[in-house]
Amino acid sequence: MPEPALRLDARLEAAAALVRPGLPVADIGCDHGKLAAALAGTGLYPKVIASDLRPGPLAKARRTVEQAHCQDRVELRLGDGLSVLSAGEVGSVVIAGVSAQTAWQMLEAAPWVFDTAGPRLILIPATRHDELRRWLAGHGFRLVCDRPVEAAGRWYAVMAAEYDGQRRALTWAEALYGGTGAWPQAAGYAAKQREKLAKLRRGIPDGTPDADEIDALLQGG
Ligand SMILES: C[S@@+](CC[C@H](N)C(=O)[O-])C[C@H]1O[C@@H](n2cnc3c(N)ncnc32)[C@H](O)[C@@H]1O
């Protein structure tokens, strides 16, 4: 059992469980570095890369990996998004704790992820889960996991996506709830997502298909 300072929260535990074993993995926006240290500690990955845009968080990550005695198994890289990686270098990319928009901007800047042989993406958006699901579906990514997780009193969706090249448009229900309904924690997550419906509806003109669908969801449909 790792010491408390190194323990993962439920979000990052769920993300760790989705990383492809046997292949290198990168944690982009690693900040404290706990996920990279935990992954390195399992011995399941030939290389763990932890990166951040800013030197301060990367220095924090360095301290964490030293505390966890795994500095020989974690490469720390300073840089923007996936620019620190080369095509084919990793089997999984974790992007957790940044906004949905920051996450998809990182992906848009790395054309090599749009490939059926590309990495599995493990994403925990800090905001706008529905918009990230729409972006993924619209850019040819299929969700292989979409797990609702409560951590520190907030609801998160821990997503794993793989590129299959088939672009899809999502309904509002698909965008808001994704695959979370399959999990025992579905009701708590759905309640949180439902709270967003009224605000979303205010931005949509009456009489449009979007308005009709949101009205049906608001009425419990
Ligand atoms: C809130 S922390 C999340 C830390 C950790 N991934 C987690 O979920 O607990 C967000 C981190 O992402 C980093 N970040 C933001 N934009 C980034 C970018 N474009 N490239 C790399 N790191 C970025 C920030 O510097 C910060 O350390």
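Above: the structure in question.
Now for a description of the structure that goes with this document.

Rules used in this analysis
Residues numbered from 1 in each chain as written. Predicted model: local features only at pLDDT ≥ 70, side-chain atom pairs only at ≥ 80, totals over all residues. Heavy atoms only, no water. Helix = DSSP H or I, 4+ residues; strand = E, 2+ residues; numbered from the N terminus. Rg over C-alpha atoms; globule rule 2.2 N^0.38 Å. Buried < 20%, exposed > 50% of the residue type's maximum accessible area, 1.4 Å probe, protein only. Areas by Shrake-Rupley, 256 points an atom, 1.4 Å probe, with all protein chains shown as cover. Lys, Arg positive; Asp, Glu negative; His and termini not counted. Charge placed at Lys NZ, Arg CZ, Asp CG, Glu CD. Phe/Tyr/Trp six-rings, centres within 6.5 Å; stacked < 30°, edge-to-face > 60°. Lys NZ or Arg CZ within 6 Å of the ring centre and 35° of its normal. Polar contact = N/O pair within 3.5 Å; in protein donor to acceptor, adjacent residues only side chain to side chain. Contact = heavy atoms within 4.5 Å.

Description of the overall build of the protein
Okay, so step 1: When its secondary structure is counted, the protein shows nine helices and seven strands.
Okay, so step 2: Compactness check: the protein gives a C-alpha radius of gyration of 18 Å against a globular reference of 17 Å for 221 residues, within 12% of the reference.
Okay, so step 3: By its C-alpha atoms, the protein is 60 × 35 × 30 Å across when sized along the principal axes.
Okay, so step 4: The buried share of the protein, reckoned over its 221 residues, is 46%.
Okay, so step 5: When the accessible surface of the protein is totalled, it reaches about 10,600 Å², and 52% of it is carbon and sulfur.
Okay, so step 6: Within the protein, one finds 26 positive and 26 negative side-chain charges whose respective centroids are separated by 3 Å.

Remarks on the packing of aromatic side chains
Okay, so step 1: Applying the stated criterion to the full structure yields five aromatic pairs.
Okay, so step 2: Site record: aromatic cluster; members linked through ring pairs are F114, W135, F141 and Y163.
Okay, so step 3: Between the NZ or CZ atom of R11 and the centre of the ring of Y156, over which it lies, the distance is 5.5 Å.
Okay, so step 4: Note that R134 overlies the ring of W172, its terminal NZ or CZ placed 4.4 Å from the centroid.

Points about the side chain of T180
Okay, so step 1: Looking at the secondary structure, you find T180 in the loop between α6 (172-177) and α7 (186-194).
Okay, so step 2: A distance of 2.6 Å separates the side chain of T180 from the backbone oxygen of Y177, its partner in a polar contact.
Okay, so step 3: Setting aside anything within four residues of it in sequence, one finds T180 in contact with R133, D146, R147, P148, A186 and Y189.

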